[in-house]
Amino acid sequence: MSRHHERVGRRAPRVDGPGLVAGTAQFTDDFAIRGMMHAKILFSPHAHARIRRIDATRARALDGVACVLTHRDVPRIAYTTAGQNHPEPSPYDVFLLDSKVRFVGDRVAVVAAESLAIAEKALALIEVEYEVLPAVFDPAQALTPGAPIIHDEPDCEHVFDATRNLAAHVEVETGEPDAGFARAARVFEATYSVPQVQQCAIEPHVSITYLDEQGRLVVRTSTQVPFHSRRIVARVNQMRPGRLRVIKPRVGGGFGGKQEILNEELCAALTLRTRRPVRLEYTREEEFRSSRSRHAQTLTLRTGVDAEARIVANELRVVANTGAYGTHALTVQTCTGSKTLPLYRCPNLRFVADVVYTNLPVAGAFRGYGGPQGYFALESHIDEMALGLGLDPLEFRRRNMIREGDPDPLAVALGEGKQGVPRTVHSCGLAQCVEDGAAAIGWPQRRGGVFELQDPSAISGGRPQRRRGIGMAIAMHGTSIPGDDMGAAHIKVNEDGTFNLACGATDIGTGSDTVLAQIAAEVLGVDTEHVVIHSSDTDTTPFDVGAYASSTTYISGRAVQRAAEAVRTQLLDVASDLLREAAVDLRGGHACAASGKRVAIADVARESLYGGRKSQIQGTASKLSDDSPPPFAATFAEVEVDLQTGKIDVLHLVQVVDCGVAINPMQAEAQVEGGSAQALGYALCEEMLYDEAGRLSNASFSTYRIPTALDMPRMTTRLVHTFEPSGPFGAKSVAEIPLDGPAPAIANAVRDATGVRLRAIPMTPERVWRALQEHATRAKQQAAPASD
């Protein structure tokens, strides 16, 4: 095959673009079926309580109500809502419905009725008598002896220590950390905190279930993980997976929140009970309160450096709040360590994480998956260390950061990939990312040395109450879960020279359908428009783990490439006979010989189907990787801080990313810019807030503020080209790494502008103002002459 790519690396439009723009694309709720009922869930008003009595008699008697289910009406099977590969590493601590509720918003009962209004009326008729139990909302308090035990049921599984409210625990080290600290010239230590935030997908969780003409259950749902959903829904409803079909239509955003099975299993239970179609959709308030969110964490970093300012020991300790259930508890926190600590060359690492149950709404998967939490702490800490050592933060990073060819012993220690096989970085453009980002923000001119607050250039436009500063952060992430993530694809040729591509990979608005079609088109020598993709239907597409862990292009893309190569080989075989030439290639929709003779792929397909061979040209392939090649990024931010109000304005955000070969640069840049927008909210304004009873107080977009288009700063987005040998055409991931750098880069820029170090986010005006006041008070106290 030619090294010159015709389809890969091109800024191709999305294959689903016209349908999305025209409004003809079908989302879950665009589906209508005769006799469909509407379901509503009764949620707990208490943070911790036992259901002593529940009576649904009046609700069931209401005209138009078809079914009411409580914990007495469903099988008691422990499971996890986390859509992870089997066996799931998350605790089995959830039940379809339970006699105990563990947070405000936990499920109590579910109703199916002829209309939404009747279902809501029925909820009010369910009589519930609760025994309210003591609740605990703070992880530190939940760990203390005598704290309320949130999971005291004997039939939950895989909980690390329920008596201590520990859903999961991680403790691992490489080298000799204690010896490293002992010989360090200086040791720095600081603690940081990050909040619980919500994914805020435009489309809420919604499912429609019905029985097909064969009596099989069909689940049409907005999900990232159709095959995991099939497995879990079948298990809790005591079905064989072959009796269940899951269809993922267009999805209005997932961001990890739809890597969960949240309403599919209840909706399925209602259809199985009534034999009728049922629709169940969360409201926006229910989405905030009863779906999933990013884990809040407290992170303590302790780092030793030698006399040459090289890191010789690094320790990260994390206490995470998983809420009432441990979905993704172990794996998110593992990523907080595994994605961050290897960024800097250091032989002696220690990572410890406690993941704690509380009576707050549940945390889970969120784009970045532990990385944004860890990087806010690590990259703030690195900046503090550089300033404490009198070094330019960029130079300190450059001195210590990872390089191509470096090992990743922490990944091996955590059990990633093949046991005993060392992990090595085979492609790394981080140095180029730093160089390009520094040039774009003007770092050499503005931060070439140790910045002093008194520098007049920090004063904004002659307004002394407003100060400007710049900051930076670097990051690495991951590409799939090594040794675990698998995807498959099937391709067949049609008689007109078009191709049908079937794959389980899940496009949730990320454009993966487009990228996979480009990969197939590149191998097959046709335009992308000649590849018709069908994805995410458990009956008609091959298996795929789903859209998470930044795996789709890397895993599913390689499966598509292999399937296309199998089809290509068959096409060339037939074309060689037709042309009577041995050396044939595919390009421009034709099979072309070196002699100049050529034949259209459509003619090759017709010969195969209707000629002497009478065979279908097709190919199926799978991909499992034992590697997880990291993408890299450098983020730079320029901010302006109002010293009187504490308001931060981000003026310029630069993100330079090494994602290997970008299959579709336009989509890769869009991923970076979309991730930057989410990261700005994480840095500046987003946080789930609770009252003293554990009730969420900002469960709407009017009170939970996310950045809008009007809040976006000037953005500079650049891609650094490297070649990852294990990826399709040299590609690795891009989806999650944009969320890692902005929060610490902005915090470092605020320190540059004001001299104030913020170790907690979001950096709201109130938090910044208070920090400024405390800083000014300390400065006055230090400047005051000592009294006799």
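Conventions we followed
- Residues numbered from 1 in each chain as written.
- Predicted model: local features only at pLDDT ≥ 70, side-chain atom pairs only at ≥ 80, totals over all residues.
- Heavy atoms only, no water.
- Buried < 20%, exposed > 50% of the residue type's maximum accessible area, 1.4 Å probe, protein only.
- Helix = DSSP H or I, 4+ residues; strand = E, 2+ residues; numbered from the N terminus.
- Contact = heavy atoms within 4.5 Å.
- Expected span 1.5 Å × (residues − 1).
- Lys, Arg positive; Asp, Glu negative; His and termini not counted.
- Salt bridge = Lys/Arg side-chain N within 4 Å of Asp/Glu carboxyl O.
- Polar contact = N/O pair within 3.5 Å; in protein donor to acceptor, adjacent residues only side chain to side chain.
- pLDDT = per-residue confidence, 0-100.
- Pairing = 2+ DSSP bridges.
- Axes fitted to C-alpha atoms, helices over the stretch in contact; angles between N-to-C directions.

Here we take up helix α9 (residues 329-338). Along α9, nine of the 10 residues are buried, which leaves the element largely enclosed by surrounding structure. Packing partners of the buried residues in α9 comprise β7 (166-174), β15 (296-305), β16 (311-323), β17 (349-357), α10 (371-388) and α12 (409-413).

On to helix α15 (residues 512-524), then. Under the 1.5 Å per step criterion, the end-to-end length of α15 is 18 Å for 13 residues, consistent within 8% with the ideal 18 Å. The buried fraction of α15 is high, at 13 of 13 residues. A positive backbone phi angle near 70 degrees is found at glycine 525, which sits one or two residues after α15.

Take unusual backbone geometry next. Proline 87 follows histidine 86 through a cis peptide bond whose omega is 0 degrees. One can find proline 87 in the loop between β3 (65-69) and β4 (100-101). Isoleucine 761 connects to proline 762 through a cis peptide bond whose omega is 5 degrees. Even without a glycine there, the phi angle at histidine 328 is positive, about 60 degrees. For histidine 328, the location among the structural elements is in the loop between β16 and α9. A relative accessible area of 0% means that histidine 328 is categorised as buried. We note that serine 480 has phi near 75 degrees; this positive angle belongs to a residue other than glycine. By the secondary structure assignment, serine 480 is in the loop between β19 (463-476) and β20 (486-493).

Checked against the element boundaries, arginine 558 lands in helix α16 (residues 552-579). Of the side chains with opposite charge, glutamate 565 comes closest to the buried, unpaired arginine 558, at an N-O distance of 5.7 Å. Here glutamine 561 takes part through its side chain, which lies 2.8 Å from a polar atom of the side chain of arginine 558. Setting aside chain neighbours within four positions, we find arginine 558 in contact with Thr553, Lys623, Pro725, Ser726, Gly727 and Pro728.

Moving on, we get to the confidence of the model for the protein chain. On average, residues of the protein chain carry a pLDDT of 95, and 97% of them reach 70 or more. Scored below 50 in pLDDT, residues 448-454 shows 17 contacts in the model against residues more than four places distant or in partner chains.

What follows deals with the pairing of β15. Consecutive side chains along a regular strand alternate between the two faces of the sheet. Burial analysis of β15 places seven of its 10 residues in the buried class, the great majority of the element. Pairing analysis gives nine bridges linking strand β8 (residues 186-194) to β15, with the strands arranged antiparallel. Note on β15: the bridge partner recorded for valine 187 is glycine 304.

Moving on to the pattern of salt bridges. Taken as a whole and judged by the stated rule, the model has 61 salt bridges. Look at the salt bridges and you will find they share partners, linking Arg446, Arg466, Arg468, Glu638, Glu640, Asp642, Lys647 and Asp649 into a network.

Further remarks concern the sheet that holds β17. The five strands are arranged β7-β17-β16-β15-β8 in an open sheet whose pairing can be described as mixed. Edge positions in the sheet fall to β7 and β8, since each has one partner strand and no second. Each adjacent strand pair in this sheet contributes to an overall mean axis angle of 5 degrees, direction not counted. Bridge count between β15 and β16: 10 bridges; the pairing is antiparallel. Residue leucine 301 lies in a different strand from β16, and its bridge partner there is leucine 316. Along the sheet face, α9 touches β7, β15, β16 and β17 and points at about 150 degrees away from the line of β17.

Before going further, it helps to examine the pairing of strand β10 (residues 206-211). Counting buried positions along β10 yields five of six residues, so the element is predominantly enclosed. Where β10 and strand β13 (residues 278-281) come together, four bridges link them in antiparallel fashion. Across the sheet, the residue bridging to threonine 209 is valine 278, located in β13. Bridging between β10 and strand β11 (residues 217-221) involves five bridges; their strand directions are antiparallel. Within β11, the residue paired with isoleucine 208 across the bridge is arginine 220. Where β10 folds back on β11, the antiparallel hairpin that results is connected by five residues, among which glycine 215 adopts a positive phi of roughly 80 degrees.

Next up on the list: the sheet that holds strand β6 (residues 127-132). Sheet architecture is open: three strands sit in the order β4-β2-β6, paired in antiparallel fashion. The open sheet has two edge strands, β4 and β6, and neither has a second partner. Relative to β4, strand β2 (residues 49-55) is paired through two bridges, and the arrangement is antiparallel. Following the sheet pairing, alanine 49 is matched in β4 by valine 101.

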